[in-house]
Amino acid sequence: MTTELKSQNKSVFAGGNLLQIKVIDRFLRSKWFPGIIQWPTLLIFMVIMFQLLLGPESAHDNLGTALTWVLWWPLIPIIFLFLGRFWCAICPFATINDLVQKFVGNNRPVPRFLKKYGIWIIDAFFIMITWSDHVWGVVENPYGSGILMLTLTTGVIASGSFFERRTFCRHVCFLGGLAGNYARTGMLALRGTPEICATCRLASCYKGTEKAPGCSLFEFPKNMTSNANCVICADCIKNCPNDSIQLTVRPPTKELWFIRKPKMEEAFLSAVIMGIVFVQNITMLEVWGSMLNWLEKATGTTNYAITFSITFAISIIIPVALLGVTSWIAGKFNKNSLVENFTRFGYAIIALDVAGHIAHNLFHLLAEGKSIFYTAMALFGQEVHGASPALVGMDTIQLLQFGLIALGLVGSLYTVYRIAKTNHSGRNIWGTFVPYAALIIILGVINFYLFVLPMAMRM
Amino acid sequence: MKRFLHITLTLLTMIAIVSANPSLVLASEGDDEHALEMEVNGYHVTLDSQNDWKKGENTIVVTLMDSMGMPVQGADVEILIAAKSDDHAEPEMEPAHDAEQGHSSMPGMDMGEPAVEASDMPAHEEEATNPVSLSESEENGVYVIETQLESSGAHEMSVMFHVNGEMLQADFVVDILEVLSKAIVLWSFVAINVVLIASAGILKKQAIPVKGRQ
């Protein structure tokens, strides 16, 4: 909320403006930012693409696979938590978009259907990509991962060629959708100072100046109430002639407590992500083989596409249905419709989503982390055989996973409480809180249980 | 909104159906479109590939059931794979016992002992000139081998198995699908992107300028 920020002279730990710190202010206003991080990232991306498409065929030996799925993918939700969508500012796909746009961009307005259905499209892409990963083995197959990256590259080239700003990142990118949801739990918030913005008629932050382009994700800091579509690229900081922009540190999940205009599709995505976290965990469990056998007998087919699709659909339907049922029960107390409750309280699951996602990927990062080093060594002819890829032991990983789920559980429960408190009064607060608290606890317990079971490796 | 959801769900369903049922094989009736099935002397033989019978690495799975529908355990199972020639029936890799005994290509013919016994082939094999042994999996009656199918098109696959002292053979014809080479796929992406950029370059003069964008 714009009213959250008013602190030119407050300590940064008390919600003060980080731009008060000269080093940060200078760095963000520098013409080298974010290029100094963006261009090396693009170079690394090119190495990854080369490895994925033309490197070793076995994921175990491929540096591209290790960097993408063992390093980057586990780190990305952690980045969202601490820095919001900053990754999107330096994302190589966005850099390619900008590069193509600079030379041949037609800068046409975003198609209306993308504006209207963008998040549903992102939801559909997210589901499709997860599904195809399992059915066609994208992660386990370097070439498959490379084709996924090439497809995304083609998407951003098409978007950058014809449409303005970062249309792809805002309305199509599945990771952008995930990032948008997760960034709401993020600890960085960028906003305009309401008193200053109220008198501003220039809108340089949105339109751009000779110093920097206008907001690449079509945000107007004057009206921003969410960091879901702010990539902390600092273009608005450079462009604002009134130094109105503030960058503050806030408690994780705080944004979720005050969603002004909740959207059904975003609430739906948060429930879908929970389902996807379930399915990612389930298919990595050692008992997955037995479950698959049972499913094959029950359905009478050994076709993995069919058996997995059934598992996938069930995993996604469970959290969505549970959220629906809970919303219906809560509606008995707060007199809101199922859709209203679903839309408003769906956001509370995001904290648990982020925790589950980080916890799941922590296994890959910590149990397979050394594979990044080994595959990089192999690139220079130094083969490492038989060495463990683990950075820490399984006990430590499991402890961290449980800790993360506990934090996510607390975050989601508190978010439910705050949303209930903001939107209801008196007994309705608890009548609304209790069913959702029960839902969050159920989802948390499922997560706990899944992390108790032994997992299989990715590399 | 509902219409969009309907279209999205329909598309997802169609993709799932297409993915689940690629018609790659001259398959017989059965639940799995990739699997070939045959009855030999009361034994039910199923031949399948976990890789959808595509050119390249395939994990071939043979399932043996007896007349009671019970899995046949502990059998010696071998497979001989030969690319089928269009103009004459001479396979490019003919097993010795076929040559000696005038092997009929009719499915389900009982065979005598093969002249060439299964060798100690490693589990990961290239397309074989001799029959290669399948190893029994943890699942009863299921035998598997990883093999490299070097060419596309019709292949003759003879599954030979020893049960109760006699050797039975099931001959299948499998159509191996040509997989697009990496080069074709990569150059296709290059071509699409070049076309996109070139088209954008040509249309740029008509584009709406956005102030501030460089």
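Here, every reference points to the structure presented above.
Residues numbered from 1 in each chain as written. Chains lettered and ligands numbered in written order. Predicted model: local features only at pLDDT ≥ 70, side-chain atom pairs only at ≥ 80, totals over all residues. Heavy atoms only, no water.

A. Just helix α16 (residues 304–334) of chain A, in detail. All names here are of chain A. With 31 residues, α16 should reach 45 Å at 1.5 Å per residue; the first-to-last C-alpha distance of 44 Å fits that figure. In the structure, α16 departs most strongly from a straight axis at Ile317, where the bend amounts to approximately 25° and where the proline Pro319 lies between one and four residues downstream. The distance from a side-chain oxygen at the start of α16 to the backbone nitrogen of Ala305 is 2.9 Å, and the residue carrying that oxygen is Asn303. Looking one or two residues past α16, Lys335 carries a phi angle of roughly 65°, positive in sign. (Helix = DSSP H or I, 4+ residues; strand = E, 2+ residues; numbered from the N terminus. Expected span 1.5 Å × (residues − 1). Bend = angle between axes of the 7 residues up to and from the residue. Polar contact = N/O pair within 3.5 Å; in protein donor to acceptor, adjacent residues only side chain to side chain.)

B. Up close: the packing of helix α20 (residues 394–423) of chain A against helix α21 (residues 427–452) of chain A. All names here are of chain A. Between α20 and α21, the least distance of the axes is 9 Å, while the angle of their chain directions is 165°. With respect to each other, α20 and α21 are oriented roughly antiparallel. Regarding α20 and α21, the two cross each other, and that crossing is right-handed. Class assignment of the residues belonging to the contact of α20 with α21 gives a composition of 18 nonpolar, 6 polar and 1 charged. (Axes fitted to C-alpha atoms, helices over the stretch in contact; angles between N-to-C directions. Parallel < 35°, antiparallel > 145°, perpendicular 65-115°, else oblique. Left-handed = near helix turned anticlockwise from the far one by under 90°. Nonpolar A, V, L, I, M, F, W, Y, C, P; charged D, E, K, R; others polar.)

C. Spatial organisation of the side chain of Arg166 of chain A. Here Arg166 of chain A lies in the loop between α7 (142–162) and α8 (167–171). We classify Arg166 of chain A as buried; its relative accessible area is 7%. (Buried < 20%, exposed > 50% of the residue type's maximum accessible area, 1.4 Å probe, protein only.)

D. Region of interest: the packing of aromatic side chains. Residues and elements named next belong to chain A. Summed over the entire model, instances satisfying the criterion amount to 23 aromatic pairs over all chains. Judged by centre distance (5.7 Å) and plane angle (35°), the ring pair of Phe402 and Phe448 falls under tilted. Of this pair, Phe402 sits in helix α20 while Phe448 sits in helix α21, placing them 46 residues apart in sequence. Three or more aromatic residues joined by ring pairs form one cluster here, namely Trp257, Phe258, Tyr414, Tyr417, Trp430 and Phe433. Sitting above the plane of the Tyr206 ring, Arg165 keeps its charged end 4.4 Å from the centroid. (Phe/Tyr/Trp six-rings, centres within 6.5 Å; stacked < 30°, edge-to-face > 60°. Lys NZ or Arg CZ within 6 Å of the ring centre and 35° of its normal.)

E. The nonpolar core, seen in detail. With 130 residues, the main nonpolar core has Leu178, Leu190, Ile237, Leu247 and Phe312 of chain A as its most contacted residues. Once you skip the residues sitting within four places of it in the chain, Leu190 of chain A turns out to touch Met224, Asn227, Cys230, Cys236, Ile237, Ile245, Gln246 and Leu247 of chain A. In terms of nonpolar packing, the next biggest core, distinct from the first, is built from 29 residues, Trp53, Leu64, Val163 and Ala170 of chain B among them. (Core = buried A, V, L, I, M, F, W, Y, C linked by side-chain atoms within 4.5 Å. Contact = heavy atoms within 4.5 Å.)

F. Seen up close, unusual backbone geometry. Residue and element names in this part refer to chain A. For the bond from Phe33 to Pro34, the omega torsion is 0°, close enough to zero to count as cis. Relative to the helices and strands, Pro34 is located in the loop between α1 (22–29) and α2 (35–54). The backbone of Arg165 shows a phi angle near 50°, a positive value even though the residue is not glycine. Inspection of the secondary structure assignment puts Arg165 in the loop between α7 and α8.

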